[in-house]
Amino acid sequence: MPSDEEVVRTAAEAAEGYVFSRLSKSDVEDLDITVSFEDGVLDVEVYVTAPDADEDLAEIADDAALVAGEAVDDLFED
């Protein structure tokens, strides 16, 4: 069973990786990823500020949170 720290790190890395797979680092002015894992409950919040990007930032943030959850699910399956 993975530690809480490993769960949080895995989720944060997955969310960040997803954001930067959709946006270039030079377009991202601010990226805030908050992850908590308490009593078996994962909470991931992603906020992206990229004023020059032509992408739907809310959709990218939501999808990044989903990808983070899937990465944690995979972690528990191993």
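Calculation rules
Residues numbered from 1 in each chain as written. Predicted model: local features only at pLDDT ≥ 70, side-chain atom pairs only at ≥ 80, totals over all residues. Heavy atoms only, no water. Helix = DSSP H or I, 4+ residues; strand = E, 2+ residues; numbered from the N terminus. Axes fitted to C-alpha atoms, helices over the stretch in contact; angles between N-to-C directions. Parallel < 35°, antiparallel > 145°, perpendicular 65-115°, else oblique. Left-handed = near helix turned anticlockwise from the far one by under 90°. Contact = heavy atoms within 4.5 Å. Nonpolar A, V, L, I, M, F, W, Y, C, P; charged D, E, K, R; others polar. Pairing = 2+ DSSP bridges. Expected span 1.5 Å × (residues − 1). Buried < 20%, exposed > 50% of the residue type's maximum accessible area, 1.4 Å probe, protein only. Phe/Tyr/Trp six-rings, centres within 6.5 Å; stacked < 30°, edge-to-face > 60°. Patch = residues over 30% accessible without salt bridge, like charges linked within 9 Å, V, L, I, M, F, W, Y side chains within 5 Å. Areas by Shrake-Rupley, 256 points an atom, 1.4 Å probe, with all protein chains shown as cover. Salt bridge = Lys/Arg side-chain N within 4 Å of Asp/Glu carboxyl O. Lys, Arg positive; Asp, Glu negative; His and termini not counted. Charge placed at Lys NZ, Arg CZ, Asp CG, Glu CD.

**Describing the environment of G40**
So, point 1. Counting through the fold element by element, G40 comes out in the loop between strand 1 (30-38) and strand 2 (41-49).
So, point 2. Taking the C-alpha atoms as reference points, G40 and D4, 36 residues apart in sequence, are found 8.8 Å from one another.

**A few points about the packing of helix 1 (residues 4-22) against helix 2 (residues 57-77)**
So, point 1. Relative to each other, helix 1 and helix 2 sit at 140°, their axes nearing to 8 Å. Relative to helix 2, the element helix 1 is oriented oblique. In this structure, the crossing between helix 1 and helix 2 has a hand that is right-handed. Contacts between helix 1 and helix 2 involve E6, V7, T10, A11, A14, A15, Y18, V19 and R22 from the former and I60, D63, A64, V67, A68, A71, V72, L75 and F76 from the latter.
So, point 2. Split into classes, the residues belonging to the contact of helix 1 with helix 2 amount to 14 nonpolar, 1 polar and 3 charged.

**A word on the pairing of strand 1**
So, point 1. Pairing analysis gives 9 bridges linking strand 1 to strand 2, with the strands arranged antiparallel. Note on strand 2: the bridge partner recorded for V35 is V44.
So, point 2. From the end of strand 1 to the start of strand 2, which pair antiparallel, there are 2 residues, and D39 there has a positive phi angle of about 55°.

**Re unusual backbone geometry**
So, point 1. Even without glycine at this site, D39 takes up a positive phi of about 55°.
So, point 2. By secondary structure assignment, the location of D39 is in the loop between strand 1 and strand 2.

**So, helix 2**
So, point 1. Taking 1.5 Å per residue, 21 residues should reach 30 Å; helix 2 reaches 30 Å between its end C-alpha atoms and fits that length.
So, point 2. The set of residues buried in helix 2 consists of I60, A61, A64, A68, G69, V72 and L75.

**Some thoughts on the packing of aromatic side chains**
So, point 1. Counted according to the given criterion, the structure contains 1 aromatic pair.
So, point 2. The interplanar angle of 40° and the centroid separation of 6.1 Å between the aromatic rings of F37 and F76 together place this pair among those described as tilted. Of this pair, F37 sits in strand 1 while F76 is found in helix 2, placing the two residues 39 residues apart along the sequence.
So, point 3. Classification of F37 by relative accessible area gives buried; the value is 13%.

**Some thoughts on a negative patch on the surface**
So, point 1. On the surface, a cluster of negative charge is contributed by E29, D30, D32, D43, E45, D52 and D54.
So, point 2. If you list the elements that add at least two residues to the negative patch, you get strand 1 and strand 2.

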